[in-house]
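Residue-level structure breakdown
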Amino acid sequence: QVQLVESGGGSALAGGSVRLSCAASGYTFNTYSWFRQAPGKEREGVAAIDSDGIASYADSVKGRFTISKDNAKKTLYLQMNGLKPADTGMYYCAAGPGGLVSVAASYKYWGQGTQVTVS
């Protein structure tokens with residue numbers, strides 16, 4: 001079965017760093033992404049990486065976050081540096097065929113989420 005499991009979330013101070021991981025199993029998709037959602041707000045795309053390793057980022061995180069993957073370990077990562085309180089939210093990894101990678105509706109498979117709180 002397809003399964004995505006996030007880990008690595010927690011609390012951090014502003015300016016700090018957190019690395020999230022997403023262990024994937026069951027199938028290899030073209031695109032893997034990280035989304036986040038704060039209370040009362042819509043889910044937004046944070047970063048995406050395609051089968052060629054090409055990454056894309058939301059403007060709000062460019063220069064601070066890095067998405068990567070280890071194909072052998074079937075694990076997706078999100079390195080978050082220079083954290084801001086606005087980065088607080090539930091972070092989800094998602095897998096899909098590609099296309100509009102920043103749109104949540106493009107993905108059919110999601111992890112359960114991991115909370116990141118920055119203060």
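In the block above lies the structure referred to throughout.
What counts, and where the lines are drawn
- Residues numbered from 1 in each chain as written.
- Predicted model: local features only at pLDDT ≥ 70, side-chain atom pairs only at ≥ 80, totals over all residues.
- Heavy atoms only, no water.
- Disulfide = S-S within 2.5 Å.
- Helix = DSSP H or I, 4+ residues; strand = E, 2+ residues; numbered from the N terminus.
- Buried < 20%, exposed > 50% of the residue type's maximum accessible area, 1.4 Å probe, protein only.
- Pairing = 2+ DSSP bridges.
- Axes fitted to C-alpha atoms, helices over the stretch in contact; angles between N-to-C directions.
- Phe/Tyr/Trp six-rings, centres within 6.5 Å; stacked < 30°, edge-to-face > 60°.
- Lys NZ or Arg CZ within 6 Å of the ring centre and 35° of its normal.

Quick look at the state of the cysteines
Taken as a whole, this structure holds one disulfide when the rule is applied. Two residues share a disulfide in this structure: Cys22 and Cys93, whose sulfurs sit 2.1 Å from each other. On the sign convention where negative means left-handed, the S-S torsion of about 60 degrees between Cys22 and Cys93 marks this disulfide as right-handed. Placement of the pair is Cys22 in strand 3 (residues 18–25) and Cys93 in strand 9 (residues 89–96), with a sequence separation of 71 residues. Of the two residues, Cys22 and Cys93, both sit in the buried class.

Some remarks on the sheet that holds strand 1 (residues 3–7)
With antiparallel pairing, the four strands of this open sheet are ordered in space as 1-3-8-7. Edge positions in the sheet fall to strand 1 and strand 7 (65–70), since each of these pairs with one other strand and no more. Averaged over all pairs of adjacent strands, the angle between strand axes in this sheet comes to 15 degrees, irrespective of strand direction.

Points about the packing of aromatic side chains
Under the criterion given, the structure shown has seven aromatic pairs. Taking 6.2 Å as the distance between ring centres and 85 degrees as the angle between the ring planes, the aromatic pair formed by Phe29 and Tyr32 counts as edge-to-face. Like Phe29, the residue Tyr32 is buried in the burial classification. Relative to Tyr107, the ring of Phe35 lies with its centre 5.4 Å away and its plane at 75 degrees, an arrangement referred to as edge-to-face. Of the two residues, Phe35 is situated in strand 4 (residues 31–37) and Tyr107 in the loop between strand 9 and strand 10 (109–110); the sequence distance between them amounts to 72 residues. A network of ring pairs unites the aromatic residues Tyr27, Phe29, Tyr32 and Tyr109 as a single cluster. The ring centre of Tyr92 lies 3.9 Å from the NZ or CZ of Arg43, which sits over that ring. It is Arg43 that lies over the ring of Trp110; its NZ or CZ is 4.8 Å from the centre.

Just geometry here; none of it tells us what the structure is for.
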